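The chain contents come next:
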Amino acid sequence: MAELGEEIIRLENVYKIFGPQPRGRAFDLAKSGLGKDAVLRQSGHVLGLNDVSFSVNRGEIFVVMGLSGSGKSTAIRTVNKLHDVTSGHVWVDGVDVQTLKGTDLQAFRRVKMGMVFQHFALFPHRNVIDNAGYGLKVQKVPKAERDVASLKALSLVGLEPYANNATQELSGGMQQRVGLARALASDPDILLMDEAFSALDPLIRRQMQDELMVIQKELQKTILFITHDLNEALRIGDRVCIMKDGAVVQIGTPEEILTQPATGYVAEFVQDVDQGRVIEVQEVMITPGPIKASMSLGDALHSLGDRAGAFVVDDQGRPTHVFTVNDGIQASDLSSALRTDFEQCGPHATLNEVYAAAGRGIPIAVVDDDGKLIGNLDPRHIMEEMGRVEQLIDGFEREVFM
Amino acid sequence: MRFFLQTDPGFMDNRILDKWQIPFGAWIDQAIDWIFVNMRSTLDALAFPFDYLIDAFVNDFLARISWVWVVLAMALIASLARNIKVGAFVAVSLTICGLLGNAFWIETARTIGFIAVAVFFCVIVGIPIGIASGRVDAIWKVIRPILDAMQVVHSFVYMLPFIFFFGIGEVSATMVTMVFAVPPLIRLTNLGIRQVPGDVVEASRAYGAPEWRVLFDVQIPLARRAIMTGINQTLLLAISMLGIAAIMGAGGLGRLLFRALSNQDPALAASGGLAFFLVAIVLDRMTQREDTDTGNLFHRIRQAWTHRVDVEALLTEADATAQIVAHEPIVRFAPIAPKERNLMGMTLLGGLAVAISVFLPWTVDAGKISAYGRVADEDLAGQTFNGMSGQGGSWFGFLVLAFGGFVILAVIGSYLRPGTGSRWLAADGAAIAAIAAFVTATAHFLAQPYGLANDPGTGIGVLTAVAGGFVASAGAVMWLRVAPHSPLVPLSADIAWGRVIGSSIAVVVLVVGMLSGWSYDKREGRVFDPEIQAQIEELRQEAIDNPAEAGTIAARLQTVIASAAQTKELITTGAEPDGAQLGLWALVSGAVAAMAAVAAAGIPKREERYQWLWGTVAAGFGAGTFSIAMAWVFTHVRSADPNYLSGVGSFLTMMGGAFLVASTSGILKLFRRSRVYDETEPDPKVHTEELMSIGT
Ligand SMILES: Nc1ncnc2c1ncn2[C@@H]1O[C@H](COP(=O)(O)OP(=O)(O)O)[C@@H](O)[C@H]1O
Ligand SMILES: [Mg+2]
């Protein structure tokens, strides 16, 4: 097994032009740097992908995000050669996919990747378990063996009890679970998911996102995920690639996209995002700097500096009490100013999750898995952070539109 | 030389057209000659499969083997391809075709064979072309204009080259039928393949399926509905081509009708037409899709013709129906209460008695009904005949057995799985069959025997049938009163005047039927010259000496009598005492049915379930009325002298009875066994949500 984190998919200067003569004038125009609209106007060809390059690392969820028609589906389809590219290379595990043909291509698709479709694309004349086992069937795995693997995949998505149902009897969310199980059953390294959750209603979509992340952690699959929903992209993506008119606009972690939008176009997107959902506590917390219970009130107040408060920790480093400026000024000695009713959270909690707790004005203790204090979360910083991004976008808006 | 002598015609002179004539016809003529000379073997190779199948399969096999095998095979195919109901329908229809006579049967078999061969070739050629067109745009671009041309040009036009190359006969008839009938199949297959959702096809490819797998795993199964519709359309068009095929020399019912037209023979035309119609319906039903099991044949053929180019219309309509069917909720039906079970037991007992009765003696010493049509039935002293023998119950017995069997089936069916299966396997179905059995048996019992030397007597079988029928009817009607049935929609509060008028008309028809001839006897007034008289005496004596041979002797006697010259015809009505008076009893039964039908129409106003009850009674007596006349007709078809025919009165009575049944079955169909909704049963949707919350 290859190393996690090593590059597994790479698109290298990929162009895809739709039309009767993709390699003709349209291609020259595209290479000369013209955009999709100009190419269409001047050559009548649709520029599906315009010099797209990105790479996906093993074991990550890489999300391609963009508005409808921005070329996301075209991009993902070049990876399993459902589309031929006009120019450029698509490398998967060191193989130039676009050079594969016939049985080689089929064999490659069988073992390397599973695909999940926006409208599920289940086989309506097969029941759930046979849908899940389709990839294995194509691989000529005997039925008994295939069913074992299919059931395992179905159990991953919680659909084991429905193995013998017809797919039409299931709700949309369940149908997409079957689609996911179909992709997982043959245990490929890569999952290609084209708007997999876009057809589901928001509640189910969130559940599916959560489940996908759980499954991904467990199975360490590489997931190339397509969506037009930035919230979804930022929520599940380890890295996000934003596309517009067939070209890549920005690639980065969700935080980078949010905090450093590369262009006004991205910023415009970011505007609609609920920031608190993406920014994690660990980016806002400050170093703990605990105080000792034996300190005098004055020393304690002094060591707070401009912090709203600080924690007292026990010998394992776990926070036991909190000391705030407010309590300090009113109390006569340190022990009477200490309180225990503070909130704790992990470093990966999002700002939204701690927002309510922050409302009390008392610092929040950020602890690691052992309960050791690793950070001090100032309620004022949370408010500030959430406001800061707003301002950032306002700034872009002024820049772009005025 | 003459050109130079004559003055040339001027440009405006029409004779110039001859001078500049384009010899198109001659070219074609030469081309045909060339093809004949140089491509003989190709033509033969083309004709061979058609020739072979028509000869070996149709003429040497289907038309030769026993009709029983053909009927059974067709019924079996229909049951497997569709369902048992269609299978039974096929069996009955083809049996009727056979009973029209051997000449009609042979043509029926040849028609079935001809259509089967034509459709077979259409399938062999059409589906692959359709699939190729559906998958490859370039092929469709070529095929499509060819199909358009095939469908625009009239079949009379392309008939000619086929006749040139393959001669008049079944081969060219099959080919022309194919040209006419295959385009919708190609179009629908193409459409079906194209309608398969792109992402499902892509899913198959994305999992590494080779193209043949994409085709067989996804495209063909998902195009199945369209392809089936296409086969059905092809068949309908092939049926509509039978006339032209007959002109081109194909055998079958088409030729029979053609002959009937040119000879102006109404009997041939009527029987041939009936057989033709039945064959057409049978073949159509066998190839219809599950969800389109409706529509009358002519409408369907017309539709096939109108939509032969824009085939999409055929699909969308059918698919819309399919959607509705698919979303019917699954529910349980009301279980059987103890009281209901007891009454079902009573009904079953009566039904069993009815069924057993036909194995018991119905007549003794002579035939009863059959004696009217067969002089020989007078001389059967010392013999007894059961409910199914020609001289015993004959078709009265058959029908009584069928009704009794249905009663048994309905009781057992609704006991095992109440509410499911056929809608008629319920209390009302049982009651209708039981009443019909009762009426039929009673009619046989009450019928006036032919004035014979020997009294046919009243066998124990008839009495058993009457008693059993009564018990079953009473049981079924009481069962019906407790059965938890309810209407699917609230019944209209208004009186159904249509039904009242309908049943009144039926009664009028029955009266006319009673007063019309039930028998048409051409044997009377024969001149028996001494030679024939001597033969008759001799045979009589032989029969008395040798009772074991009575049956064969009777048949010989009949032939001798029939050979006598005939001077007059005798018509006997359904009421007069010289006849069996079955018209009278049929009218009585019909009148009861009509009164019940009036009650079912809501006069006087009672609660809904009474309409169901009276509707059932009306349908039962209506079916009984029908059955009396049918038994009369078929008993004579089975055993009568060819000079003794059943009359139009019996036919009218059949119509009246059928009318009564048809006019009341509408209301019955609204009633179904009530459903119960079980609260504790897991609703799949609720379950889903639970599961999802566990998953997260
Ligand atoms: N088969 C095709 N033929 C012509 N144009 C296409 C084809 N597929 C996609 N396109 C065009 O390419 C562009 C990108 O499409 P797509 O990748 O499907 O967008 P997205 O998935 O981001 O909505 C669109 O403008 C679309 O119209
Ligand atoms: Mg898309």
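Cut-offs used in this document
- Residues numbered from 1 in each chain as written.
- Chains lettered and ligands numbered in written order.
- Predicted model: local features only at pLDDT ≥ 70, side-chain atom pairs only at ≥ 80, totals over all residues.
- Heavy atoms only, no water.
- Salt bridge = Lys/Arg side-chain N within 4 Å of Asp/Glu carboxyl O.
- Helix = DSSP H or I, 4+ residues; strand = E, 2+ residues; numbered from the N terminus.
- Buried < 20%, exposed > 50% of the residue type's maximum accessible area, 1.4 Å probe, protein only.
- Contact = heavy atoms within 4.5 Å.
- Buried area = accessible area lost by both parts, 1.4 Å probe.
- Polar contact = N/O pair within 3.5 Å; in protein donor to acceptor, adjacent residues only side chain to side chain.
- Nonpolar A, V, L, I, M, F, W, Y, C, P; charged D, E, K, R; others polar.
- Expected span 1.5 Å × (residues − 1).
- Arc of directions from axis to C-beta.
- Core = buried A, V, L, I, M, F, W, Y, C linked by side-chain atoms within 4.5 Å.
- Near = heavy atom within 4 Å.
- Areas by Shrake-Rupley, 256 points an atom, 1.4 Å probe, with all protein chains shown as cover.
- Pairing = 2+ DSSP bridges.
- Phe/Tyr/Trp six-rings, centres within 6.5 Å; stacked < 30°, edge-to-face > 60°.
- Lys NZ or Arg CZ within 6 Å of the ring centre and 35° of its normal.
- pLDDT = per-residue confidence, 0-100.
- Axes fitted to C-alpha atoms, helices over the stretch in contact; angles between N-to-C directions.
- Patch = residues over 30% accessible without salt bridge, like charges linked within 9 Å, V, L, I, M, F, W, Y side chains within 5 Å.
- Parallel < 35°, antiparallel > 145°, perpendicular 65-115°, else oblique.

## Remarks on the pattern of salt bridges
One pass over the full model with this rule turns up 33 salt bridges over all chains. Put simply, Asp217(B) and Arg126(A) hold a salt bridge, and the shortest N to O gap is 3.4 Å. Taken together, the positions of Asp217(B) in helix 12 (residues 211-240) and Arg126(A) in the loop between strand 6 (113-116) and helix 5 (128-132) put the pair across two chains. For the residue pair Asp217(B) and Arg126(A), the accessibility class agrees, reading buried in each case. Several salt bridges converge on common partners, so that one network encompasses Glu6(A), Arg58(A), Asp93(A), Lys112(A) and Asp189(A).

## Describing the interface of chain B and chain A
The partner chain A presents 34 residues to the 24 residues of chain B that form the contact. Counting the surface lost from both chain B and chain A, the interface buries some 2,400 Å², and carbon and sulfur atoms represent 63% of this. At the surface where chain B touches chain A, the tally comes to two salt bridges. Put simply, chain B and chain A have nine residue pairs in polar contact (both at pLDDT 80 or more) between them. When grouped by side-chain class, the residues that make up the side of chain B that touches chain A number 12 nonpolar, six polar and six charged.

## Some details on the side chain of Gln250(A)
Residue and element names in this part refer to chain A. Along the polypeptide, Gln250 turns up in strand 10 (residues 247-252). Reaching out from Gln250, the side chain makes a polar contact with the backbone oxygen of Gln260 at a distance of 3.0 Å. For Gln250, the side chain forms a polar contact with the main-chain nitrogen of Ala262, separated by 2.9 Å. Those residues within four positions of Gln250 in sequence are excluded, and the remaining contacts are Val240, Cys241, Ile242, Glu256, Ile257, Gln260, Pro261, Ala262 and Val266.

## Notes on helix 23 (residues 530-545) of chain B
All names here are of chain B. Across its 16 residues, helix 23 extends 22 Å between first and last C-alpha, which sits within 8% of the 22 Å expected from 1.5 Å per residue. Ile532, Ile536, Leu539 and Ala543 are the residues of helix 23 that are buried. Angular distribution of buried residues about the axis of helix 23 spans 65 degrees; they occupy a single face of the element. Pointing more than 90 degrees away from the buried face of helix 23 are the exposed residues Pro530, Glu531, Glu538, Ile544 and Asp545. Buried residues belonging to helix 23 abut helix 24 (550-562).

## Some points on the nonpolar core
The biggest cluster of nonpolar side chains holds 104 residues, and the ones touching the most others in it are Ile9(A), Phe54(A), Val79(A), Leu180(A), Met193(A), Leu224(A) and Phe225(A). Those residues in contact with Phe225(A) that lie beyond four places of it in its chain are Ile61(A), Phe62(A), Val63(A), Val64(A), Met193(A), Ala196(A), Phe197(A), Leu212(A), Glu232(A) and Ile236(A). Among the nonpolar cores identified, the runner-up in size contains 77 residues, and Leu94(B), Trp105(B), Met175(B) and Met241(B) belong to it.

## Overview of the site of ligand 1
Residue and element names in this part refer to chain A. By nearness alone, every residue bordering ligand 1 is listed as Phe18, Lys36, Val46, Leu67, Ser68, Gly69, Ser70, Gly71, Lys72, Ser73 and Thr74. Contact distances for ligand 1 include 3.3 Å between an oxygen atom and a backbone N or O atom of Ser70. The contact in question runs from an oxygen atom of ligand 1 to an N or O atom on the side chain of Lys72, over 2.8 Å. Against a free-state accessible area of 550 Å², the protein chains account for coverage of 61% of ligand 1.

## Quick look at the sheet that holds strand 15 (residues 373-377) of chain A
Residues and elements named next belong to chain A. Spatially, 13-14-15 is the arrangement adopted by the three strands of the open sheet, whose pairing is mixed. The open sheet has two free edges, formed respectively by strand 13 (344-345) and strand 15, since each of these has just one partner strand. Bridge analysis of strand 13 against strand 14 (residues 364-367) gives two bridges, and the strand direction is parallel. When the sheet's bridge partners are listed, Gln344 is paired in strand 14 with Ala365.

## Observations regarding the packing of aromatic side chains
Scanning the model with the defined rule gives 20 aromatic pairs over all chains in all. On the numbers, 5.0 Å between centres and 25 degrees between planes, the contact of Phe54(A) with Phe62(A) is stacked. Each ring, one from Trp518(B) and one from Trp632(B), has its centre 6.1 Å from the other, and the planes form 55 degrees; the classification is tilted. With Trp518(B) in strand 5 (residues 517-521) and Trp632(B) in helix 26 (residues 608-639), this residue pair connects regions lying 114 residues apart in the sequence. Summarising the burial analysis for this pair, Trp518(B) and Trp632(B) share the class buried. Each member of the aromatic cluster is reached from another via a ring pair, and the members are Tyr372(B), Tyr450(B), Trp518(B) and Trp632(B). Across the ring face of Tyr265(A), the terminal group of Lys244(A) is positioned such that the distance to the ring centre comes to 5.0 Å. One residue, Arg423(B), lies across the ring of Trp424(B), its end atom 4.4 Å from the ring centre.

## Considering the confidence of the model for chain B
Residues and elements named next belong to chain B. When the pLDDT values of chain B are averaged, the result is 84; 91% of them are 70 or greater. The low-confidence segment residues 320-330, where pLDDT is below 50, has three contacts with residues more than four positions distant or belonging to other chains. Taken as a whole, residues 678-696 scores under 50 in pLDDT and shows 18 contacts with residues more than four places along the chain or in a different chain. At the level of chain-chain contacts, confidence expressed as ipTM amounts to 0.71, with global pTM at 0.63.

## Let's talk about the sheet that holds strand 7 (residues 190-194) of chain A
Residue and element names in this part refer to chain A. Strand order in the open sheet made by the six strands is 6-7-8-3-9-10, with mixed pairing throughout. Two strands lie at the open edges of the sheet, namely strand 6 and strand 10, each paired on one side alone. If you compare each strand with its neighbour and ignore which way they point, the axes differ by 15 degrees on average. Summarising the sheet, strand 9 (residues 239-244) and strand 10 pair through five bridges and their orientation is antiparallel.

## Digging into a nonpolar patch on the surface
Side chains of Val92(B), Ile96(B), Leu274(B), Phe277(B) and Phe298(B) sit close together on the surface and give an oily, nonpolar patch of about 420 Å² of accessible area. The residue Phe277(B) is located in helix 15 (residues 266-287) in this model.

## Regarding the packing of helix 22 (residues 497-515) of chain B against helix 25 (residues 582-600) of chain B
All names here are of chain B. At a minimum axis distance of 9 Å, the contact between helix 22 and helix 25 shows a crossing angle of 175 degrees. Comparing the axis directions of helix 22 and helix 25 gives the class roughly antiparallel. Two secondary-structure elements touch here, helix 22 through Arg499, Val500, Ser503, Val507, Leu510, Val511 and Met514 and helix 25 through Gly583, Leu584, Ala586, Leu587, Gly590, Ala594, Ala597, Val598 and Ala600. A class-by-class count of the residues in the contact of helix 22 with helix 25 yields 12 nonpolar, three polar and one charged.

## Some points on the confidence of the model for chain A
Across chain A, the average pLDDT comes to 85, with 92% of residues at or above 70. Considering only residues more than four positions removed or in separate chains, one finds that residues 395-402 of chain A, a stretch of pLDDT under 50, has eight contacts.

## A closer look at unusual backbone geometry
Trans peptide bonds make up the majority, and among non-glycine residues the majority have a negative phi. Residues and elements named next belong to chain A. Positive phi, normally seen in glycine, also occurs at Asn13, with a value near 45 degrees. For Asn13, the position within the fold is in strand 1 (residues 7-18). Although it is not a glycine, Gln220 sits at a positive phi angle of roughly 55 degrees. As for its position among the elements, Gln220 is in the loop between helix 9 (202-219) and strand 8 (222-227). Taking the relative accessible area as the measure of exposure, Gln220 reaches 35% and is therefore partly exposed.

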